[in-house]
Amino acid sequence: MNNLTLRQRLLILTLLPSALITTLLVLYFSMTGINAIEDQLRGKGLATVRYLAPVSEYGIIAGQMDGIYGLVQAAMQEPGVKAAIIVNPKGRTLAVSGRVSLPAEIIRQHLDKPALVAETETWIAFGAPVIRTQSDSDPLFDIAGLDENPQETIGHVFIELDKLDLIERQRDLILQGLIAVLTGLGLMGALAIAMADQLAKPLQRLTAAVRQMSAGHFGTRIPASSSGELRILEDGFNDMASHIEGAHQSMQSRIEEATAQLVFQARHDALTGLVNRREFELRLDKALANVHAGGDEFSVLFIDLDRFKAVNDACGHLAGDELLRQIALLLQGRLREEDTLARLGGDEFGIMLANCGLIKARQVAQDICALSAEYRFVWQDRIFAIGASIGLTPVSRDVREIQEIFALSDAACLRAKELGRNQVCEMAPATQTERRRDRGNWAGRLANALSEGRLMIEAIPLRALQPGVPGGPMAELSARLNEPGQAPVALSALIDAAERYDMSSSFDQHFLDTAIRALARASKQHMPMTCMVPLSRASISTPETGDYIAARLAEHAIQGEGLCLMFSEDVSTHQTSQLIEFSRRMRELGCQIVLTEFGGAISSFTQLRTVAPSYVRLSQSLTRDIGDGMTSTALLRAILEITGEQQIFPIAEAVDDTPLLEHLHRLGTAYAHGKAVAPREPFDAWFEGVVMRGSRG
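What counts and what doesn't
- Residues numbered from 1 in each chain as written.
- Predicted model: local features only at pLDDT ≥ 70, side-chain atom pairs only at ≥ 80, totals over all residues.
- Heavy atoms only, no water.
- Helix = DSSP H or I, 4+ residues; strand = E, 2+ residues; numbered from the N terminus.
- Rg over C-alpha atoms; globule rule 2.2 N^0.38 Å.
- Buried < 20%, exposed > 50% of the residue type's maximum accessible area, 1.4 Å probe, protein only.
- Contact = heavy atoms within 4.5 Å.
- Areas by Shrake-Rupley, 256 points an atom, 1.4 Å probe, with all protein chains shown as cover.
- Lys, Arg positive; Asp, Glu negative; His and termini not counted.
- Charge placed at Lys NZ, Arg CZ, Asp CG, Glu CD.
- Expected span 1.5 Å × (residues − 1).
- Pairing = 2+ DSSP bridges.
- Axes fitted to C-alpha atoms, helices over the stretch in contact; angles between N-to-C directions.
- Arc of directions from axis to C-beta.
- Salt bridge = Lys/Arg side-chain N within 4 Å of Asp/Glu carboxyl O.
- Patch = residues over 30% accessible without salt bridge, like charges linked within 9 Å, V, L, I, M, F, W, Y side chains within 5 Å.
- Phe/Tyr/Trp six-rings, centres within 6.5 Å; stacked < 30°, edge-to-face > 60°.
- pLDDT = per-residue confidence, 0-100.
- Disulfide = S-S within 2.5 Å.
- Core = buried A, V, L, I, M, F, W, Y, C linked by side-chain atoms within 4.5 Å.
- Parallel < 35°, antiparallel > 145°, perpendicular 65-115°, else oblique.
- Left-handed = near helix turned anticlockwise from the far one by under 90°.
- Nonpolar A, V, L, I, M, F, W, Y, C, P; charged D, E, K, R; others polar.

(A) Main features of the overall build of the chain. Scanning the chain from N- to C-terminus turns up 22 helices and 22 strands. For 697 residues, the compact-globule estimate of 2.2 N^0.38 gives 26 Å, and the chain exceeds it by more than 25% at 54 Å. The buried share of the chain, taken over its 697 residues, is 43%. The long-range fraction of contacts in the chain, counting pairs at least 24 apart against all pairs at least 6 apart in sequence, stands at 68%. Looking at the chain as shown, the accessible area adds up to about 36,000 Å², and 54% of this sits on carbon and sulfur atoms. Between the averaged position of the 67 positive side-chain charges in the chain and that of its 84 negative side-chain charges there is a distance of 5 Å.

In structure tokens, the structure reads:
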């Protein structure tokens, strides 16, 4: 019944009672008619024998066989009479006509009055006694004789009536009843269909319109052609649809405005309006690809202001911000339109000089250095000399990746500071021989770190900020390299080195082994747990990574629900097809995907559809300034709304103070990690203390 449409239900409710009542009425009248026909036949038979018995008396007494035979012949002329027979008191036949079906024992039985004597499916028989009358004596003078001589039975008459006519009439009556039932049902069905259509069609139009609205067709309307309550529903739906369409258009307009702002913010620095680091990296990547394809070489400058900290400390952040804006204008005035000027962070700037060789780039760098030395920053009643240290790197086909450009330029800039500041230092890419030597050095360092256990896997705990999100212990895996007599090497540098020197596979497998072993132990204790494992770019370009994950999960006899594989949004942009295939296979294993640095570029929203991640880790550029202005908050809200509609959980990273954590909670961010949540700690210590101790508790 629950699967029936409204129209079908109305038809059932209308037709079922009507059909039942009609059938009962026709059945009642048909049975009544059949009984009446049977009673009529019985009455006719009794009347016939009542008439035939008296008229047979004289013939029996006088022995006139011809007269008796004439009587039975006359009885046979009546419609429906099958046979007639007159017998004497002993049951001997005196006259008979027709084919008698009565058995002899019935014919010989004594009857006191006219009665039905036998009945079959095809005939019915009646009999009556023939009584001698007392008319030969005078009862007035022979009163005593009346008492002494009771009525004498001198014979019996029997007739048989054919029931075929009765059966035929009964059939006709039943057929007429069926025709009446079918006719009535047809008329009622037509009326019920008309009524059901009149009631159901407006509701069906409403249902179809609601489906269209739920599918996103907010311009859907229905004709208000009904009356009564249905007209109220139609008008109400149209009014509601108009309001929803208006609200959707308003929200879409706000989202488009926020998206436009997000596009600009994703590519530009909010303070200076210059290109930001991410966009600078993308342009470097395109320019480097062009060089490898045979295009012109270019040069990169890294600029670090020499006395920026003194301005900040003496005059505050407002003065520092103003200094950065003025320096940006100063640098822009020295560059061509095809050059790219970017603020890389803090007081660092980057310049990409398109189609510019080393000699010309050196001249540009020296001019900028001289401009910076001559520039004076005035704030209130104070004047500051600034200056800039510049690292120059010419980019040729010897450079394989943009990380190498950053490393060389940064090292050159640092060298310029060490030599006394406000000067230019150059650092060219390594030759093949130098690269092989450096590769062997890094390969040995990473191999020794993995074998000797000096690669410390760390856990960065996550905290759920909203009710209803997946719970249980959650941690993002990180790492640092501890070497005797040297500062620890951070995860980003390790990944860059591993990818540069083709060791990312061993590095990723070490991460995966740590996470899968922990998940297996937690599974045995029936403890839910989530490990977010960062993987390198090379992992998604080869099927061996997927095979390795599948084999390790099968070896430990667990599913991949708690294993989340992390890729940066930049990787998904440049290796989209490979990441889509890799993500599909990982989801088949039960694993989940995390996109990091989400929101740093407009292509982030495309990845939500193509990669379909379960989590996104928000770019710090979205969260660090949300307390300072409405624009950043509006952009973050737009992203949270879009991810929320697709059941994707956003994660805020590096949340180091409680007010920011509370603000993110109010905005609806699903998770956060950082110093305000919990400090990072060795993964084994976190696993034993949080996961396993929780299972024992």
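(B) Representation of helix 7 (residues 277-292). The first and last C-alpha atoms of helix 7 sit 22 Å apart over 16 residues, in line with the 22 Å expected at 1.5 Å per residue. Downstream of helix 7 by a residue or two, Gly294 has a phi angle that is positive, lying close to 105°.

(C) Focus on the sheet that holds strand 7 (residues 340-345). Within the open sheet, the 5 strands sit side by side as 7-8-6-11-12. Their pairing is mixed. Edge positions in the sheet fall to strand 7 and strand 12 (424-426), since each has one partner strand and no second. The mean angle between the axes of side-by-side strands here comes to 20°, regardless of whether they run parallel or antiparallel. Of the pairings in the sheet, the one linking strand 6 (residues 298-305) to strand 11 (residues 388-395) comprises 8 bridges and is antiparallel in character. Counterpart to Val300 in the pairing with strand 11 is Thr393. Contacting strand 6, strand 11 and strand 12, helix 11 (residues 402-418) crosses the sheet at an angle of about 145° to strand 11.

(D) Layout of helix 17 (residues 576-588). Over its 13 residues, helix 17 runs 18 Å from end to end, which matches the ideal 18 Å to within 8%, given 1.5 Å per residue. Every buried residue of helix 17 is accounted for by Leu579, Phe582, Ser583 and Met586. Down the axis of helix 17, the smallest arc covering the buried residues is 100°, so these residues share one side. The outward face of helix 17, more than 90 degrees from its buried face, is lined by the exposed residues Ser577 and Glu588. Within two residues after helix 17, Gly590 carries a phi angle of roughly 95°, on the positive side.

(E) Just the pattern of salt bridges, in detail. This model, assessed by the stated rule, comprises 30 salt bridges. One salt bridge connects Arg552 with Asp513, and the closest N-O pair in it is separated by 2.9 Å. Remark: Asp513 occurs in helix 14 (residues 504-524) and Arg552 occurs in helix 15 (residues 543-555); sequence separation between them is 39 residues. Arg552 sits in the buried class, given a relative accessible area of 13%. The partner of Glu688 in a salt bridge is Arg521, and the shortest N-O contact between them spans 2.7 Å. Here the residue Glu688 occupies a position in helix 22 (residues 683-696), and Arg521 occupies one in helix 14, the gap between them amounting to 167 residues. Of the residues examined, Arg521 reaches a relative accessible area of 40% and is grouped as partly exposed. Salt bridges linked by common partners bring Arg278, Glu476, Glu597, Arg617 and Glu653 together as one network.

(F) Molecular detail of the pairing of strand 7. Burial of strand 7 is extensive: 5 of the 6 residues sit out of reach of the surface. If you look at the hairpin formed by strand 7 and strand 8 (residues 348-353), you'll find 2 residues sitting between the two strands, and Gly346 has a positive phi there, around 60°.

(G) Highlighting the pairing of strand 4 (residues 123-132). The buried count for strand 4 comes to 8 of 10 residues, which makes it a mostly enclosed element. Here strand 3 (residues 115-119) folds back onto strand 4, and the loop between the two strands holds 3 residues. Of the strand pairs in this sheet, strand 4 and strand 5 (residues 152-162) are connected by 10 bridges, and their pairing is antiparallel. Of the residues in strand 5, the one forming a bridge with Arg132 is Glu152.

(H) Geometry of a nonpolar patch on the surface. On the surface, Ile21, Leu25, Tyr28 and Phe29 cluster together to form a nonpolar patch covering roughly 460 Å² of accessible area. On the secondary structure map, Tyr28 appears in helix 1 (residues 6-62).

(I) Spatial organisation of the packing of aromatic side chains. Applying the stated rule across the entire model yields 11 aromatic pairs. Pairing Phe507 with Phe511 gives two aromatic rings, centres 5.5 Å apart and planes at 75°, and the pair type is edge-to-face. Here Phe511 and Phe507 lie together in helix 14, a separation of 4 residues that amounts to about one turn. Grouping residues by exposure puts Phe507 and Phe511 together as buried. Ring geometry for Tyr615 and Phe649: centres 5.8 Å apart, planes at 40°, overall tilted. Of this pair, Tyr615 sits in strand 19 (residues 615-618) while Phe649 sits in strand 20 (residues 649-652), and the two are 34 residues apart along the sequence. Among the residues examined, Tyr615 registers a relative accessible area of 3% and is labelled buried. Clustering of aromatic rings is evident, with ring pairs tying together Phe280, Phe302 and Phe406.

(J) The arrangement of the confidence of the model for the chain in detail. Per-residue confidence for the chain gives a mean pLDDT of 83; residues scoring 70 or more make up 90%. Averaged pLDDT values over the elements of the chain bottom out at 47 in helix 4 (residues 143-148) and peak at 96 in strand 21 (residues 671-672). Counting contacts from residues 136-148, a segment whose pLDDT is below 50, to residues more than four positions away or on other chains yields 2 contacts. In the model, residues 431-440 has pLDDT below 50 throughout and makes 8 contacts with residues more than four positions away in sequence or in other chains.

(K) Molecular detail of the state of the cysteines. Tallied over the entire structure, the rule returns 0 disulfides. The cysteine Cys425 is free of any disulfide, with Cys413 supplying the nearest cysteine sulfur at 8.8 Å. Owing to a relative accessible area of 9%, Cys425 belongs among the buried residues under this scheme.

(L) How the structure looks around the sheet that holds strand 1 (residues 81-87). In spatial order, the strands read 2-1-5-4-3; together these 5 strands make up an open sheet with antiparallel pairing. Only two strands of the sheet have a single partner each, and these edge strands are strand 2 (93-98) and strand 3. On average, each strand axis in the sheet is inclined to that of its neighbour by 20°, with strand direction left out of account.

(M) Expanded view of the nonpolar core. Counting residues in hydrophobic clusters, the biggest one holds 74 residues, and the most contacted among them are Met529, Ile549, Leu563, Leu565, Phe683 and Phe687. The element that contributes the greatest number of residues to this core is helix 14, accounting for 9 residues. In this structure, Ile549 is in contact with Leu512, Leu563, Leu565, Phe582, Met586, Leu589 and Cys591, ignoring residues within four places of it in sequence. Membership of the second largest hydrophobic core comes to 30 residues, among which are Leu301, Leu323, Leu324 and Ile390.

(N) Main features of the packing of helix 14 against helix 15. Their axes nearest at 10 Å, the elements helix 14 and helix 15 cross at an angle of 25°. Taken together, the axis directions place helix 14 and helix 15 in an arrangement best described as roughly parallel. Once helix 14 is placed against helix 15, the crossing between them reads as right-handed. Facing Gln509, Leu512, Asp513, Ile516 and Arg517 of helix 14, the residues of helix 15 in contact are Tyr548, Ile549, Arg552 and Leu553. Here the contact of helix 14 with helix 15 is built from residues that sort into 5 nonpolar, 1 polar and 3 charged.

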